[in-house]
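Listed below are the residues making up each chain.
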Amino acid sequence: MTNLELGFWSFPVLLIMVFLRAPIGLAMLLCGFGGWYFAMGGNPTPLLAKLKSETYTTFSSYSLSIIPMFLLMGQFATLSGMSSKLFRAAESFLGHRRGGVAMAAVGACAGFGAICGSSLATAATMSKVALPELRRYGYSGGFSTATLAAGGTLGILIPPSVILVIYAILTEQNIAKLFLAAFIPGILAALGYIATISLYVRLNPESAGTRAPVPMRERFGALADTWPVLVIFVVVVGGIYAGWFTPTEGSAIGAAGTGLAALLAGSLNWAVLRDSLLGTAKTTAMIFFIVLGAGFYNGFLALSGVPQFMAEWVTTQGYAPLTVLLVILLFYLIFGCLMDSLSMILLTVPIFFPVISAMDFGMSAEHLAIWFGILVLIVVEVGLITPPVGMNLFIINAMDRDTPMRETYRAVMYFVGSDIVRVILLVAFPAITLFLLPG
């Protein structure tokens, strides 16, 4: 069997292991390990040397140090109560409108995503805060859970985003430029969800109750309580864009700033600090193990020549670049329902990125890489809320056992429709994504 055939056979083996519920990092590591072993003719010496060098180069990467810092930033924000302050502020301005409490939940998810960077964490955290309020004001269970599942996806799109950092490392792109490119699509996502809520409550008036307006003084008081989030976001993201510090330095400043804000607010005690550090360590270990498995597996794929073969085969078939892009995005949409976003990015980008890079989309290589990265991120995000197995849906359902999953499925399709419209816009008009980039 040739190395190329080994590479292609590794895909069904990997999928079988994933469907058997093997951890994705372990599945990729074992497939890569087996692939290297057979490609080397059964000689274990090059394989062991690769294992040693791959482990060192992966875990000693300076670029990856940004991940635990952003995770710690999110842990401080989650455990110190910043999510509840964001929700109270958004609710005081929007809560009296039809569907306003749900809109406030989306707005709070967008704000929390600016200091969290994780979709699942945003969904889980905001659900604890917003679900009781949505129930209190008569919002139906399916509409409430669908809103929070969709709002949670903003965590990986609104900068800073851990997934964008991984994509930048894989494709050797500028992290700050990717953050900048994600800004407008992230705002469009939040506005699209708010518009979807407005449409939903008009079509289903019984799904949302109303509440009395909050006095203006209380509104601005609640808004003032969110100042740490605004300051941290402006300092971290603004400082990266302005060139005051690198993304890695910015992540450390963000983690320190979030911890200091929690301390000044009286929310940070020894228990919260311990839980934040342990949560960061566990999540970092999980991510790094997936990165190691992906690095080993992708190294085997590069040895087998699968990415190069795929790029050459697609370009020689004469398919239009847009057709190839749409097929890839459809693939991400389907498999995004089955796998977490990090695993999808690590597994597929080394295969699909060379294919896209080999095609002419009428833009520079850098702009193409950034545009493709944002599109991939959005479609993976859509997969998180697409029935029947969108991961965010199960996270929210686990926190609201009283709501049948079918009701969540029915309501969330409105948000999926909003996302598909946004993807179509960004594919048709790349300038929306690239508008803020210099040059």
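Residues numbered from 1 in each chain as written. Predicted model: local features only at pLDDT ≥ 70, side-chain atom pairs only at ≥ 80, totals over all residues. Heavy atoms only, no water.

The next thing to look at is the overall build of the protein. Tallying secondary structure elements over the protein gives 21 helices and zero strands in all. In terms of overall dimensions, the protein is globule-like: its C-alpha atoms have a radius of gyration of 22 Å, near the 22 Å expected for 439 residues. In terms of principal-axis extent, the alpha carbons of the protein reach across some 75 × 45 × 45 Å. The proportion of buried residues among the 439 residues of the protein is 55%. (Helix = DSSP H or I, 4+ residues; strand = E, 2+ residues; numbered from the N terminus. Rg over C-alpha atoms; globule rule 2.2 N^0.38 Å. Buried < 20%, exposed > 50% of the residue type's maximum accessible area, 1.4 Å probe, protein only.)

Attention now goes to the packing of aromatic side chains. Given two aromatic rings, one states the distance between the centres and the angle between the planes to describe the pair. On inspection of all chains with the given rule, the structure shows 17 aromatic pairs. For the ring pair Phe8 and Phe309, a centre distance of 5.7 Å and an interplane angle of 85 degrees mean the geometry is edge-to-face. Placement of Phe8 in helix H1 (residues 3-19) and of Phe309 in helix H15 (residues 306-316) is noted, with a sequence separation of 301 residues between them. Residue Phe8 is classed as partly exposed on the basis of its relative accessible area, which comes to 31%. Relative to Phe300, the ring of Tyr297 has its centre 6.4 Å away and its plane inclined at 45 degrees; by these criteria the two rings are tilted. Residue Tyr297 and its partner Phe300 are both found in helix H14 (residues 270-304); the two are separated by three residues, about one turn of the helix. In this structure, Tyr297 and Phe300 share a single accessibility class: buried. Aromatic rings pair up to connect Phe8, Phe11, Tyr297, Phe300 and Phe309 into one cluster. (Phe/Tyr/Trp six-rings, centres within 6.5 Å; stacked < 30°, edge-to-face > 60°.)

Where helix H6 (residues 100-116) contacts helix H10 (residues 175-203), the axes come no closer than 9 Å and their chain directions differ by 170 degrees. Viewed along their axes, H6 and H10 adopt a mutual orientation that is roughly antiparallel. Contacts from Ala102, Met103, Val106 and Ala110 in H6 reach Ala190, Tyr193, Ile194, Ile197 and Ser198 in H10. Of the residues contributing to the contact of H6 with H10, the split by class is eight nonpolar, one polar and no charged. (Axes fitted to C-alpha atoms, helices over the stretch in contact; angles between N-to-C directions. Parallel < 35°, antiparallel > 145°, perpendicular 65-115°, else oblique. Contact = heavy atoms within 4.5 Å. Nonpolar A, V, L, I, M, F, W, Y, C, P; charged D, E, K, R; others polar.)

A separate point is helix H3 (residues 44-59). Helix length check: H3, at 16 residues, gives a terminal C-alpha distance of 23 Å against a target of 22 Å (1.5 Å per residue), a fit within 8%. Considered for burial, the residues of H3 that qualify are Leu47, Lys50, Glu54 and Thr58. Taken down its axis, H3 places every buried residue within 60 degrees of arc, on the same side. In H3, the exposed residues that point more than 90 degrees away from the buried face are Thr45, Leu48, Lys52 and Tyr56. Looking at the buried residues of H3, the elements they touch are helix H2 (24-39) and H14. (Expected span 1.5 Å × (residues − 1). Arc of directions from axis to C-beta.)

In this structure, Glu172 takes a positive phi of about 60 degrees despite not being glycine. Its place among the elements puts Glu172 in the loop between helix H9 (162-171) and H10. Of the residues examined, Glu172 reaches a relative accessible area of 74% and is grouped as exposed.

Looking now at the pattern of salt bridges. Under the defined criterion, the tally for this structure stands at five salt bridges. Each member of the salt-bridge network shares a partner with another, and the members are Glu381, Asp419 and Arg422. (Salt bridge = Lys/Arg side-chain N within 4 Å of Asp/Glu carboxyl O.)

Before going further, it helps to spend a moment on the confidence of the model for the protein. Note: predicted coordinates in regions of low pLDDT should not be interpreted at a detailed level. When pLDDT is averaged along the protein, the result is 85, and 99% of the positions lie at 70 or above. The weakest mean pLDDT in the protein belongs to helix H19 (residues 391-399) at 77; the strongest belongs to helix H21 (residues 431-434) at 93. (pLDDT = per-residue confidence, 0-100.)

Within the fold, Tyr62 resides in the loop between H3 and helix H4 (66-79). Residue classification places Tyr62 among the exposed residues on the basis of a relative accessible area of 55%. For the pair Tyr62 and Ala189, spaced 127 residues apart in the sequence, the C-alpha separation amounts to 32 Å.

Take a nonpolar patch on the surface next. A surface patch of nonpolar side chains, about 470 Å² in accessible area, is lined by Phe183, Ile187, Leu191, Phe435 and Leu436. Mapped onto the fold, Phe435 is located in the segment after H21. With relative accessibility at 61%, the residue Phe435 sits in the exposed group. (Patch = residues over 30% accessible without salt bridge, like charges linked within 9 Å, V, L, I, M, F, W, Y side chains within 5 Å. Areas by Shrake-Rupley, 256 points an atom, 1.4 Å probe, with all protein chains shown as cover.)

Structurally, the position occupied by Ala255 is in helix H13 (residues 247-264). Taking the C-alpha atoms as reference points, Ala255 and Tyr139, separated by 116 residues in sequence, lie 35 Å from one another. Residues contacting Ala255, with those up to four places away along its chain left out, are Met69, Leu72, Met73 and Phe76.

We now examine the packing of H14 against H15. Where H14 contacts H15, the two axes come as close as 5 Å, and the packing angle between them is 55 degrees. Comparing their axes, H15 and H14 come out oblique. Between H14 and H15, the contacting residues are Leu301, Ala302 and Ser304 on the first element and Val306, Pro307 and Gln308 on the second.

Relative to the 22 Å expected for 16 residues at 1.5 Å per residue, helix H12 (residues 227-242) spans 21 Å between its end C-alpha atoms, a close match to the ideal helical length. Buried residues of H12: Pro228, Val229, Ile232, Phe233, Val236, Val237, Gly239 and Ile240, and no others. The buried residues of H12 occupy an angular sector of 160 degrees when the element is viewed end-on, so they sit on one face. In this structure, the buried residues of H12 make contact with H4, helix H5 (82-94), H6, H10 and H13. Gly243 lies just past H12 and shows a positive phi near 85 degrees.

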